[in-house]
Amino acid sequence: SYFAHPHTETVTSAIARRRVAVAFTPLAGRSLAMAPAKWVYNFGAGGADGRSEMKNLLGGKGANLAEMAFIGLPVPPGFTVTTEVCTHFYENGQSYPEGLREQVREALAVVEQ
């Protein structure tokens, strides 16, 4: 889904051969209350939430797995937890961001299908 906010960076990705806008908000100096955060990106089974251009957010392996799934290579289903989770963890007393647990559960359910 698309969340319009003046401080939100948007990245266009293709999911299931459709073009949609994926929004994320970098954490540096910003409140989590500003926008709903996407902490987990799925890939595999011919689709991906992310793309190779998202290396800063997904890390090198996560971005490349997403790209390979996007172009149709046989990538087993999986998910990437964003680098922003790590940043949040160390900047907030070694606590995980709100909503992460639920997003991981949802991603695991997709992998288990």
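Here is what the cut-offs are and how they apply
- Every chain's residues receive numbers from 1 upward, in the order its sequence appears when written.
- The model is predicted, so local features are restricted to residues of pLDDT at least 70 and side-chain atom pairs to those at 80 or more, both for listing and for counting; the totals for chains, interfaces and linings are taken over all residues.
- The side-chain quantities take in all heavy atoms of the structure and omit both hydrogens and water.
- Think of it this way: any DSSP run of H or I at least four residues long counts as a helix, any run of E at least two long counts as a strand, and we number them from the N terminus.
- Relative accessible area decides the class of each residue, using a 1.4 Å probe on protein chains only: under 20% of the type maximum gives buried, over 50% gives exposed, and in between gives partly exposed.
- Contact criterion: two residues are considered in contact whenever any of their non-hydrogen atoms come within 4.5 Å of each other.
- Calculation of accessible area relied on Shrake-Rupley with a 1.4 Å probe; when residues are assessed, cover is drawn exclusively from the protein chains displayed.
- Ring geometry is summarised as follows: Phe, Tyr and Trp rings, the Trp one being its six-membered ring, pair when their centres sit within 6.5 Å, and such pairs are stacked at plane angles under 30 degrees, edge-to-face over 60 and tilted between the two.
- Ring-over charges, as used throughout, are those where CZ of Arg or NZ of Lys falls within 6 Å of the ring centre and within 35 degrees of the ring normal.
- Values of pLDDT, the confidence the predictor places in each residue, fall between 0 and 100.
- Following DSSP output, two strands are said to pair if at least two bridges run between them.

Looking at the overall build of the protein
Part 1: A tally of regular secondary structure across the protein gives 3 helices and 5 strands.
Part 2: Listed by position from the N terminus, the elements making up the protein come as β-β-β-β-α-β-α-α.
Part 3: Scored against the burial criterion, the 113 residues of the protein give a buried share of 36%.
Part 4: Considering only intrachain contacts with a sequence separation of at least 6, the fraction spanning at least 24 residues in the protein is 50%.
Part 5: Here the protein displays about 7,000 Å² of accessible surface, and carbon together with sulfur accounts for 54% of that area.

Remarks on the environment of Ile71
Part 1: Positionally, Ile71 belongs in the loop between α1 (55–70) and β5 (78–81).
Part 2: Residue Ile71 is classed as exposed on the basis of its relative accessible area, which comes to 55%.
Part 3: The spatial distance from the C-alpha of Ile71 to the C-alpha of Gly47 is 8.1 Å, given a sequence separation of 24 residues.

Re the packing of aromatic side chains
Part 1: Applying the stated criterion across every chain yields a total of 2 aromatic pairs.
Part 2: Centre to centre, the rings of Phe89 and Tyr90 are 5.1 Å apart; their planes meet at 90°, and the pair counts as edge-to-face.
Part 3: Ring geometry for Phe89 and Tyr96: centres 5.0 Å apart, planes at 35°, overall tilted.
Part 4: We classify Phe89 as buried; its relative accessible area is 16%.
Part 5: Since its relative accessible area comes to 55%, Tyr96 is described here as exposed.
Part 6: Taken together, Phe89, Tyr90 and Tyr96 form an aromatic cluster joined through their ring pairs.
Part 7: Against the face of Tyr41 rests Lys38, its NZ or CZ located 4.8 Å from the ring centre.

As for the confidence of the model for the protein
Part 1: This prediction gives the protein a mean pLDDT of 77; 68% of its residues lie at or above 70.
Part 2: Throughout residues 1–30 the model reports pLDDT below 50, and contacts reaching past four residues in sequence, or to other chains, amount to 60 contacts.

Some remarks on the pairing of β5
Part 1: Residue alternation in β5 divides its side chains into a buried set, Gly78 and Thr80, and an unburied set, Phe79 and Val81.
Part 2: Bridge analysis of strand β3 (residues 40–44) against β5 gives 4 bridges, and the strand direction is antiparallel. By the bridge assignment for β5, Tyr41 is matched with Thr80.

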